[in-house]
Amino acid sequence: MSMIATRDGFGDEILQLGRENKDIYVVDVDIGKSCKTTAFAKALPEQHVNVGIAEQCGAGVAAGLATCGKIPFVVTYAAFGSMRMCEMIRQEICYPHLNVKIACSHGGVTPANDGASHQSIEDMGILSTIPNMTVIMPADYNAARKLTRAAAESDGPVYLRFTRDAIPEIYGAEQEFTIGKAIQLRQGSDVTIIAIGDTVRLALEAADTLANEGIKARVLDMHSLKPLDTEAVVSAINETGKIITVEDHNVINGLGYAVSAVAADMGRGIVKRFGIQDRFGMSAPYERLLAMNGVTAENLAACARALQ
């Protein structure tokens, strides 16, 4: 199984998009090497702006470009693209509903040895609370390419979150994605595991383990946190009754919260949430950081067994 970071999928697709459409711009904040935009800058210098280490300025420049009919992608780390830029995103991008995309590497604990300052565990929850914002996290390289293209083709603000660490490929290049529509990767009637981003691979591993034990686990890739595929969640609750959510994000205000809100509105269903346990990370290998927060395929499978 090949392993590649989703930030690489973004880098490859944004270059392709830029070549196809001269209105596609990249606004870098001086970390293009890490965020995979150096090829874009070299090939399309007239569509590239480097504002230096000035994230808030980058948001403002992108807003200005959008008012001129351009489709700018502000590219930085997730911690900075969500929190340092937050006020500008709200006031200058989302409030006027400008066509700005914010593409961020280093989402969740995948920055690993970079430590807690670069491990953005709050970003998707923060930006989901801002009106007009779409929030997306692809599960692998091919998903990153397709969802980057979908973001470019959509109208309005979009936040795209990518991994620094390499993760397994799940999808083929032919897979199609629609923003706001989950993809069912496994059928099942006993329990549903809903995952986003780099944790989709863990959901699949858990489902395969459970299948060997006669437990049929449905697996949903909820690549769009906002808009959430409420219809898919309702169907899962009606048809399986038991939901497990898993995310590389704080368990507060992330995927688990969004799914739990649907269950609460329905007045039925059980939701168990796996994710970062409302605490900062540290410098350690990626898989170890996930495991320290209980985010493992083994724990997902154990939870599913306990729900039977």
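Here, the structure is the one placed above.
Residues numbered from 1 in each chain as written. Predicted model: local features only at pLDDT ≥ 70, side-chain atom pairs only at ≥ 80, totals over all residues. Heavy atoms only, no water.

K.L.:
Report on the sheet that holds strand β13 (residues 242-250), specifying residues and quantitative values.
P.N.:
Strand order in the open sheet made by the five strands is β9-β11-β10-β13-β14, with mixed pairing throughout. Edge strands, defined here as strands with exactly one partner in the open sheet, are β9 (183-186) and β14 (270-276). Neighbour-to-neighbour, the strand axes of the sheet open up by a mean angle of 25°, direction not taken into account. Both strand β10 (residues 191-195) and strand β11 (residues 217-221) contribute to a ladder of five bridges, which runs parallel. When the bridges of β11 are listed, valine 191 appears paired with alanine 217. Lying over the sheet, helix α10 (residues 230-240) contacts β10, β11 and β13, oriented at roughly 175° with respect to β11. (Pairing = 2+ DSSP bridges. Helix = DSSP H or I, 4+ residues; strand = E, 2+ residues; numbered from the N terminus. Axes fitted to C-alpha atoms, helices over the stretch in contact; angles between N-to-C directions. Contact = heavy atoms within 4.5 Å.)

K.L.:
Run through the pairing of β14, naming residues and quoting values.
P.N.:
Here β13 runs beside β14; their pairing, made up of six bridges, is parallel. Bridging across to β14, asparagine 250 finds its partner in isoleucine 276. A crossover links β13 with its parallel partner β14, the connecting element being helix α11 (residues 255-266), and its sense is right-handed. (Right-handed = clockwise from strand over helix to strand, strands pointing away.)

K.L.:
Describe in detail helix α8 (residues 141-153), supporting the description with residues and values.
P.N.:
Three- or four-residue spacings in an α-helix give side chains the same orientation, since the helix completes a turn every 3.6 residues. Across its 13 residues, α8 extends 19 Å between first and last C-alpha, which sits within 8% of the 18 Å expected from 1.5 Å per residue. Restricting attention to buried positions, one finds in α8 the residues Tyr141, Asn142, Ala143, Ala144, Leu147, Thr148, Ala150, Ala151 and Ala152. The N-terminus of α8 is capped by aspartate 140, whose side-chain oxygen sits 3.3 Å from the backbone nitrogen of asparagine 142. (Expected span 1.5 Å × (residues − 1). Buried < 20%, exposed > 50% of the residue type's maximum accessible area, 1.4 Å probe, protein only. Polar contact = N/O pair within 3.5 Å; in protein donor to acceptor, adjacent residues only side chain to side chain.)

K.L.:
Which residues make up the packing of α10 against α11, and what values do they have?
P.N.:
Contact geometry of α10 with α11 gives a least axis separation of 10 Å together with a crossing angle of 60°. One element, α10, and the other, α11, form an angle in the oblique class. Both α10 and α11 take part in a crossing whose hand is right-handed. Residues Thr230, Val233, Val234, Ile237 and Asn238 of α10 pack against Val259, Val262, Ala263 and Met266 of α11. (Parallel < 35°, antiparallel > 145°, perpendicular 65-115°, else oblique. Left-handed = near helix turned anticlockwise from the far one by under 90°.)

K.L.:
Give a detailed account of the sheet that holds strand β3 (residues 48-50), specifying residues and quantitative values.
P.N.:
The strands making up a sheet are joined through hydrogen bonds of the backbone, oriented either antiparallel or parallel. Read from one edge to the other, the open sheet built from seven strands follows the order β3-β2-β4-β5-β7-β6-β12, with strand pairing classed as mixed. Strand pairing shows two members of the sheet lacking a second neighbour, β3 and β12 (224-226), which therefore form its edges. Put simply, the sheet's adjacent strands are angled 20° from each other on average, direction ignored. Along the sheet face, helix α1 (residues 6-20) touches β2 (24-28), β4 (71-77) and β5 (101-105) and points at about 135° away from the line of β2. Strand contacts of α8: β2, β4, β5, β6 (134-136) and β7 (158-161), with the helix running at about 170° to β7, the strand carrying the most contacts.

K.L.:
Explain the nonpolar core to me, using residue names and the numbers behind them.
P.N.:
Judged by nonpolar contacts, the single largest core of 61 residues is most densely connected at Ile14, Ile24, Phe73 and Ile244. A per-element tally of this core places helix α9 (residues 200-211) first, with seven residues. With sequence-adjacent residues up to four places away left out, isoleucine 244 is seen in contact with Val191, Thr192, Ile193, Ile194, Lys272, Phe274, Leu300, Cys303, Ala304 and Leu307. Counting residues in hydrophobic clusters, the runner-up holds 40 residues, among them Ala62, Val100, Ile243 and Ala263. (Core = buried A, V, L, I, M, F, W, Y, C linked by side-chain atoms within 4.5 Å.)

K.L.:
Requested: an account of the packing of aromatic side chains, with residues and values cited.
P.N.:
All chains considered together, the criterion is met by four aromatic pairs. With a centroid separation of 4.9 Å and an interplanar angle of 80°, the aromatic rings of tyrosine 171 and phenylalanine 177 are classed as edge-to-face. An identical accessibility class is assigned to tyrosine 171 and phenylalanine 177; each is buried. Linked through ring pairs, Phe10, Phe73 and Phe162 together constitute an aromatic cluster. (Phe/Tyr/Trp six-rings, centres within 6.5 Å; stacked < 30°, edge-to-face > 60°.)

K.L.:
Give a detailed account of the side chain of histidine 106, specifying residues and quantitative values.
P.N.:
Structurally, histidine 106 can be placed in the loop between β5 and α7 (123-128). Accessibility expressed as a relative area gives 2% for histidine 106, which makes it buried. Among the polar contacts made by the side chain of histidine 106, one reaches the side chain of serine 105 at a distance of 2.8 Å.

Without other data, these values stay purely geometric and don't point to any function.
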